Amino acid sequence: MLGNPHICGGMIISFDPPIILTAAHCVADSPHPSTFTDRPNPYFVGYGHKDRKHQKIGSISDWKVHPSYQPKPTDEPDMHYDTALVWLSEPLKPSTNVDRIALWSPTMNLDNKQATLMGYGYIGNNRPESPELKKLHLEITQFNANTADMIEARSTDDNLIACHGDSGGPLVVYMPASKDNSDPVLMPFVLGPLARIFGVHDPDKDHPTCPIPLNTANTVNTAATTSSSSRSKNVTITESFANVSNMLDWISNSTGITQSKLIDPFDVPRRWVFPICRRKGCPQREFPNSPKEPGEEEEEEEVEDAWEIGIANKVDPSNDSQNVAWMGLVKQDFRNTKGVSNGSPRLGFGGDGQLFWKTGLLCLSLMYSYSYCFY
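For the structure given in this document, a descriptive report is provided here.

Analysis parameters
Residues numbered from 1 in each chain as written. Predicted model: local features only at pLDDT ≥ 70, side-chain atom pairs only at ≥ 80, totals over all residues. Heavy atoms only, no water. Helix = DSSP H or I, 4+ residues; strand = E, 2+ residues; numbered from the N terminus. Buried < 20%, exposed > 50% of the residue type's maximum accessible area, 1.4 Å probe, protein only. Lys, Arg positive; Asp, Glu negative; His and termini not counted. Salt bridge = Lys/Arg side-chain N within 4 Å of Asp/Glu carboxyl O. Polar contact = N/O pair within 3.5 Å; in protein donor to acceptor, adjacent residues only side chain to side chain. Contact = heavy atoms within 4.5 Å. Pairing = 2+ DSSP bridges. Phe/Tyr/Trp six-rings, centres within 6.5 Å; stacked < 30°, edge-to-face > 60°.

This part takes up the side chain of Glu-239. Along the chain, Glu-239 falls in strand β14 (residues 238–241). Buried charge without a salt bridge: Glu-239, with Arg-154 as the nearest opposite-charge side chain at an N-O distance of 7.1 Å. A polar side-chain atom of Glu-239 sits 3.0 Å from the main-chain amide nitrogen of Ala-162. The contacts of Glu-239, once residues within four sequence positions are left out, are Leu-136, Leu-138, Ile-151, Glu-152, Ala-153, Arg-154, Ser-155, Ile-161, Ala-162, Leu-194, Arg-196 and Ile-197.

Structural data, given as structure tokens:
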């Protein structure tokens, strides 16, 4: 959620550098962050939790609007390029609630017409912005990859529409994808950010919240009719999105991230969560989402090691600050009060109550033969 200059949506396309993709009109009309020389700029994003009260806050340090969106003095901005990139001042840390999303590749075929829009926009006319992340299920009615054509989608229920504050939110589809010839799994891809809503109007243009369908207003003309008496009673409401597959070159050149990484749903940092087979004789023993760095040794998985919970390194039994609560694989004696034993994974609480963990894998055993491991 972009919290300033406008409430808008956005999507993470990179953790480090920390980059958000959003709609250009969410930022283009406001002073650039670089203009705040005498005080910190007021722009920020909220992320990490669906409830805004529990979100982490990141400061916006820079943004870049697509050059084709910039209006001429007498023209309206080109909504076909209503796209902007937003940089944060600090890298993002991936977690179960913080993930990046892959951009749509122009070489893919859109077999799934069902998509989802997400955002924190207004929840109704003259009602407040949503305190929690909302989603709207849409059916894609127009999509031409690698063109400037807008993507169009609509809900089967005209009472369910996007509102102000949802601009810049992602249109997400799930498509089967595979890594290293493994079995395909459903992965999310983003087609583009929300740019416009057609078939609606703002009853109060000085205080826009959530627009209402045109057919409910007796004084608003549509493009197809010129009088309220002849206007259709069923105006089609369409959510319209900028087509990011047509802007991959610009996004890649602006961010320094290769297009292959931008469209790869499996491109994640090494510190991530991924399934590992724990059965003996497992055909796949490597860590699929954790490629080795240059010069890095392959780390072998220990299948039969026992897990224990206890107190580590009782240097001075009378001094609790020297004791460390821990859980992890038991291989050798502890070497220090931080609960690390020759590279064995350890998670613990120090004497000051702070949670810490050191090098290696932390695996949480699940039912049957699988674990989830944090690297």
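The two faces of strand β9 (residues 151–154) differ: Ile-151 and Ala-153 on one face are buried, but Glu-152 and Arg-154 on the other face are not. For strand β8 (residues 134–142) and β9, the ladder comprises three bridges, and the chain directions are antiparallel. The partner of Ile-140 across the bridge, within β9, is Ala-153. The sheet contact formed by β9 and β14 spans three bridges and is antiparallel. Across the sheet, residue Ala-153 finds its bridge partner in β14, namely Glu-239.

What follows deals with the pattern of salt bridges. Evaluation of the coordinates by the stated rule reveals four salt bridges. Across the pair Asp-51 and Lys-53 runs a salt bridge whose closest N-O atoms are separated by 3.1 Å. Under the relative-accessibility criterion, Asp-51 is labelled buried at 9%. For Lys-53, a relative accessible area of 67% gives the class exposed. Here Glu-129 ties to Arg-52 by a salt bridge, and the two come within 3.4 Å at their closest N and O atoms. Of this pair, Glu-129 sits in the loop between β7 (114–119) and β8 while Arg-52 sits in the loop between β3 (44–47) and β4 (56–65); the two residues are 77 residues apart in sequence, bridging distant segments of the chain. A residue is classified by how much of its surface remains accessible, and Glu-129, at 24% relative accessible area, is partly exposed.

The geometry of two aromatic rings is summed up by the distance between their centres and the angle between their planes. As enumerated under the stated definition, the model contains four aromatic pairs in all. Both rings, one in Phe-36 and one in Tyr-43, keep their centres 5.6 Å apart while their planes meet at 90°; by these two values the pair is edge-to-face. In terms of burial, Phe-36 and Tyr-43 fall into one category: buried. Summarising the aromatic geometry, the rings of Trp-104 and Phe-189 are spaced 6.0 Å apart at their centres and angled 80° between planes, so their arrangement reads as edge-to-face. Separated by 85 residues along the polypeptide, Trp-104 in the loop between β6 (102–103) and β7 and Phe-189 in strand β11 (residues 185–198) bring together distant segments of the chain. The residues Trp-104 and Phe-189 share a single accessibility class, namely buried. Grouped by ring-pair contacts, the aromatic residues Phe-36, Tyr-43 and Trp-63 constitute a single cluster.

Scope: geometric values only; no functional claims are made or implied.
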